[in-house]
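Here are the chains, one letter per residue:
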Amino acid sequence: CVEVAEGWMEIHSFDDYRDALIAEERTEKHANLTVNRVRRVFTGCGFTFHTDISASKVQRRLAERRDSGNGISETSHNHYLRAVKMFCRWRDRDRRVLETSVDHLRRLTVTNRRRMRRALTVDEVRKLLDSAQRGPDRHGMSGPVRALLYRLANETGLRAAELASLARTSFDLSSDSSTVTVEARHSKRR
């Protein structure tokens, strides 16, 4: 952050904010995504100084992005807004400015999901496992190993990053009810 005049600071604090997110035990992927969202909104709004940040400009910019031909969805709008609000709260806590100018902005109510998520049917799971079992090597795994991984994902509900974090010590197969444990730092819910 470069001080220009009393109360005016240029917005060069994205790297500091990213480091703060990682220090709060957010993943690097999350920190980069959040900072990139804030940067896109601020660049689109033409913000140079912390004092330039305006709720109405942020709101207008997000509406423009939503309404453009290949615009963002309501859900993405909310992600961008949350990222901006988080950044502004952080800069307040870090004493870079005196007040948050976007805290009062409200997220949209999501009414049109672009992609509806659902569980696979039993037949779809069977087809997936059969296809993987007979399939070629992918991502450094043979077909049978991938089928086993897909079955574990289906039975446990673990996400890809959680599955990737598993080690032999994550499994307890010695008792009647076998368990798999994901370390908090690798779990989305901590």
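Residues numbered from 1 in each chain as written. Predicted model: local features only at pLDDT ≥ 70, side-chain atom pairs only at ≥ 80, totals over all residues. Heavy atoms only, no water.

Undergrad: Help me out: how do you make sense of the overall build of the protein chain in this one?
TA: Within the protein chain, the regular secondary structure consists of seven helices and four strands. Listed by position from the N terminus, the elements making up the protein chain come as β-β-α-α-α-α-α-α-α-β-β. The 190 residues of the protein chain split such that 31% are buried. Sequence-distant contacts in the protein chain: of pairs separated by 6 or more residues, those separated by 24 or more amount to 49%. Carbon and sulfur atoms make up 47% of the accessible area of the protein chain, which totals about 13,400 Å². (Helix = DSSP H or I, 4+ residues; strand = E, 2+ residues; numbered from the N terminus. Buried < 20%, exposed > 50% of the residue type's maximum accessible area, 1.4 Å probe, protein only. Contact = heavy atoms within 4.5 Å. Areas by Shrake-Rupley, 256 points an atom, 1.4 Å probe, with all protein chains shown as cover.)

Undergrad: Quick question: what am I supposed to make of the nonpolar core here?
TA: General note: in soluble globular proteins, nonpolar side chains tend to be found buried as a group. Judged by nonpolar contacts, the single largest core of 23 residues is most densely connected at Tyr17, Val41, Phe42, Val58, Leu62 and Phe87. Aside from chain neighbours lying at most four places away, what touches Tyr17 is Thr34, Val35, Ala83, Met86, Phe87 and Trp90. (Core = buried A, V, L, I, M, F, W, Y, C linked by side-chain atoms within 4.5 Å.)

Undergrad: What's the story with the environment of Val84 in this structure? I'm lost.
TA: Secondary-structure assignment places Val84 in helix α4 (residues 74-93). Counting along the chain gives 42 residues from Val84 to Phe42, while the straight-line C-alpha distance between them is 8.6 Å.

Undergrad: What am I meant to see in helix α2 (residues 28-45) here?
TA: Note on helix geometry: an α-helix contains 3.6 residues per turn, so any two residues three or four positions apart are oriented the same way. Here α2 spans 26 Å end to end across 18 residues, near enough to the 26 Å set by a 1.5 Å rise per residue. Those residues of α2 that sit buried are Ala31, Thr34, Val35, Arg37, Val38, Val41, Phe42 and Cys45. Buried residues of α2, viewed axially, fall in a sector of 155°; they line one side. Facing away from the buried side of α2 by more than 90 degrees, the exposed set consists of Lys29 and Thr43. At the C-terminal side of α2, Gly46 shows a positive phi close to 80°. (Expected span 1.5 Å × (residues − 1). Arc of directions from axis to C-beta.)

Undergrad: Quick question: what am I supposed to make of the environment of Ser73 here?
TA: With respect to the helices, strands and loops of the structure, Ser73 is situated in the loop between α3 (55-67) and α4. The buried category is assigned to Ser73, whose relative accessible area is 14%. As for Ser73 and Val110, which are separated by 37 residues in sequence, their C-alpha atoms are 8.6 Å apart.

Undergrad: Quick question: what am I supposed to make of the confidence of the model for the protein chain here?
TA: Caution applies to low-pLDDT regions: their predicted coordinates should not be interpreted in detail. For the protein chain, per-residue confidence averages 83 on the pLDDT scale, and residues scoring 70 or more make up 83% of the total. Taking the mean pLDDT of every element in the protein chain, the minimum, 43, falls on strand β1 (residues 3-5) and the maximum, 94, on helix α5 (residues 122-134). (pLDDT = per-residue confidence, 0-100.)

Undergrad: Would you explain the packing of α2 against α3 in this entry?
TA: The description of two helices packed together rests on the angle between their axes and the distance between the axes. Contact geometry of α2 with α3 gives a least axis separation of 9 Å together with a crossing angle of 100°. Between α2 and α3, the angle falls in the class roughly perpendicular. Contacts between α2 and α3 involve Arg40, Val41, Gly44 and Cys45 from the first element and Lys57, Val58, Arg61, Leu62 and Arg65 from the second. When the residues that make up the contact of α2 with α3 are grouped by side-chain class, the tally is four nonpolar, one polar and four charged. (Axes fitted to C-alpha atoms, helices over the stretch in contact; angles between N-to-C directions. Parallel < 35°, antiparallel > 145°, perpendicular 65-115°, else oblique. Nonpolar A, V, L, I, M, F, W, Y, C, P; charged D, E, K, R; others polar.)

Undergrad: Is there a simple way to think about the packing of aromatic side chains in this case?
TA: We describe a pair of aromatic rings using the distance from one ring centre to the other and the angle between the two ring planes. Enumeration according to the criterion identifies seven aromatic pairs in this entry. A ring pair is formed by Tyr17 and Phe87, whose centres lie 5.3 Å apart and whose planes are at 85°; its orientation type is edge-to-face. Of this pair, Tyr17 sits in helix α1 (residues 14-23) while Phe87 is found in helix α4, placing the two residues 70 residues apart along the sequence. As far as burial versus exposure is concerned, Tyr17 and Phe87 are alike and both buried. Residues Phe42 and Phe87 carry aromatic rings whose centres are separated by 5.5 Å and whose planes lie at 80° to one another, so their mutual orientation is edge-to-face. Linking Phe42 in helix α2 with Phe87 in helix α4, this pair joins segments that are 45 residues apart in sequence. Relative accessible area serves as the criterion here: at 2%, Phe42 is assigned to the buried category. Looking at Phe87, the relative accessible area reads 0%, which means it is buried. Chaining the aromatic ring pairs together yields one cluster made of Phe14, Tyr17, Phe42, Phe47, Phe87 and Trp90. (Phe/Tyr/Trp six-rings, centres within 6.5 Å; stacked < 30°, edge-to-face > 60°.)

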